[in-house]
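Summary of structural features
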Amino acid sequence: MGNYGVKIAKTSYGYTEGDKHLIFNSKYPLLKIKHHGTGTLTLSSGAGSKTIVTHSLNYKPMFYVWINYLDINSGTEIEKLRMCSWRDYYGVGVWSWYYAYATTTTIELDVYSAYFSPGNEVLDYIYVVYYDPIS
Amino acid sequence: MSENYGIKITKATKDITSPTPADYHFWSKYRAKSVKYQGTLSVTTNSGSDPAVATNSYTHSFGYIPQFMVFVTSYDGRYVNCNYLAGDDYGKEGDIWGEGLATYATTTQIVVSANLAYGIPQSGTTTGIVRTYTFDILLFMEEVETS
């Protein structure tokens, strides 16, 4: 037996018209969220790092982190969430980085910006961590 | 056909009649992410002067561009999302290393690439560092939709 399961097609499509037209196919696992939330990272002289969440899965899970960033002219927080990780350049020089990465027990955030402006060094972030291992 | 069809699974304490998507673990009215392919790709960076970017690919043959996630362990030991750029001091004072880890998908393939090198500003030279990366890849059933 192998021809069993559930398929749900998008409106106006049949379930036999291919995966791209499906909303759900029980043949494939769905990602399952373990943690999601928000937080703030406080920078000191433009630098800061923290453990966003301890997942204790003992493997590196799939995750997303989005964080606001500092304006390159004013140093103020730009409330437009970007997905980590990325670096900003000024010419060929690196002027800031916004890194998020996983360990077997935690999700970490590491930020540095040469654009910091005292009094504007608290950045909001959001995150999602899945139960699903990626390797 | 009636539009009143599909599957709903609510979170604990939530009612099946709730109009709020966040009250559900699954609601077939809305797109989710289903893992259609999961695997790894290895890439070994090149040595020598001004090294070429090293690439590898997996042929998925979905016939459409799928949504995807790719993770890899960077030169400085971080398990990160692609795309990723990093760099820092290397060897003698003033020398720097740089790393570029990237990925993209087409209707038939997912492609990963890596470049790792160190530079000596005084001489203007760039020399490759040989390192093998293992990219962890997830391809989702869901298409990259433009509408």
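Residue positions are counted from 1 within each chain, in the order its sequence is given. Lettering for chains starts from A, numbering for ligands starts from 1, and both go in the order in which the items are written. The model is predicted, so local features are restricted to residues of pLDDT at least 70 and side-chain atom pairs to those at 80 or more, both for listing and for counting; the totals for chains, interfaces and linings are taken over all residues.

When its secondary structure is counted, chain B shows zero helices and 11 strands. Counting from the N terminus, the helices are the DSSP runs of H or I reaching at least four residues and the strands are the DSSP runs of E reaching at least two. The helix and strand sequence of chain B, counted from the amino end, reads β-β-β-β-β-β-β-β-β-β-β. Here the radius of gyration uses the C-alpha set of atoms, whereas the globule reference equals 2.2 Å times the residue count to the power 0.38. In terms of C-alpha radius of gyration, chain B reaches 22 Å, well past the compact-globule figure of 15 Å for 147 residues. Dimensions of chain B, computed from C-alpha atoms along their principal axes, come out at roughly 70 × 35 × 25 Å. In this scheme every C-beta is placed from the backbone, and a residue whose C-beta has 20 or more other C-beta atoms within 10 Å is buried, one with 12 or fewer is exposed, and one in between is partly exposed. The buried share of chain B, taken over its 147 residues, is 29%. By sequence separation, contacts in chain B at least 24 residues apart represent 56% of the contacts at least 6 residues apart. Residue pairs are scored as contacts if the distance between their C-beta atoms, which are placed from the backbone, is within 7 Å.

Quick look at the interface of chain A and chain B now. Contact residues are listed per partner, giving 23 residues for chain A and 24 residues for chain B. Mapped by element, the contributors of at least two residues to the side of chain A that touches chain B are β2 (22-25) and β8 (93-102) of chain A.

A few words now on the confidence of the model for chain B. Residue and element names in this part refer to chain B. Mean pLDDT over chain B works out to 89, with 96% of the residues at or above the 70 mark. Taking the mean pLDDT of every element in chain B, the minimum, 85, falls on strand β2 (residues 24-27) and the maximum, 98, on strand β4 (residues 54-59). Model confidence for the complex: the whole-complex pTM is 0.82, and ipTM, which rates the interface, is 0.74. You can read pLDDT as the predictor saying how much it trusts each residue, on a scale of 0 to 100.

Once that is clear, we can look at the environment of A:V111. Residue and element names in this part refer to chain A. Mapped onto the elements, V111 comes out in strand β9 (residues 106-113). Spatially, the C-alpha atom of V111 lies 9.9 Å from that of I67, the residues being 44 residues apart in sequence. When neighbours within four sequence positions are excluded, V111 is seen to be in contact with L41, L43, G48, S49, W97, Y98 and L123.

This next bit is on the nonpolar core. Judged by nonpolar contacts, the single largest core of 52 residues is most densely connected at A:F63, A:V65, A:I107, A:Y127, B:F68, B:V70 and B:V72. Residue contributions to this core peak at seven residues, all from strand β11 (residues 132-143) of chain B. Those residues within four positions of A:V65 in sequence are excluded, and the remaining contacts are A:I52, A:C84, A:A100, A:I107, A:L109, A:Y125 and A:Y127. Here, a nonpolar core denotes buried Ala, Val, Leu, Ile, Met, Phe, Trp, Tyr and Cys residues that are linked to one another through C-beta atoms within 7 Å.

The next point concerns the pairing of strand β6 (residues 77-83) of chain A. All names here are of chain A. Any two strands are treated as partners once DSSP identifies two or more bridges connecting them. Across four bridges, strand β5 (residues 61-70) lies against β6 in antiparallel orientation. From the neighbouring strand, L70 faces β6, where its bridge partner is E77. Hairpin connection from β5 to β6: six residues lie between these consecutive antiparallel strands, with G75 at a positive phi of about 80 degrees.

All names here are of chain B. Most of strand β5 (residues 66-73) sits out of view: six of its eight residues are buried. In this sheet, β11 lies alongside β5 in antiparallel orientation, the contact comprising five bridges. Within β11, the position partnered with F68 by the bridge is L139. Across three bridges, the pairing between β5 and strand β6 (residues 79-81) is antiparallel. Following the sheet pairing, T73 is matched in β6 by Y79. Joining the antiparallel neighbours β5 and β6 is a turn of five residues, in which G77 adopts a positive phi near 85 degrees.

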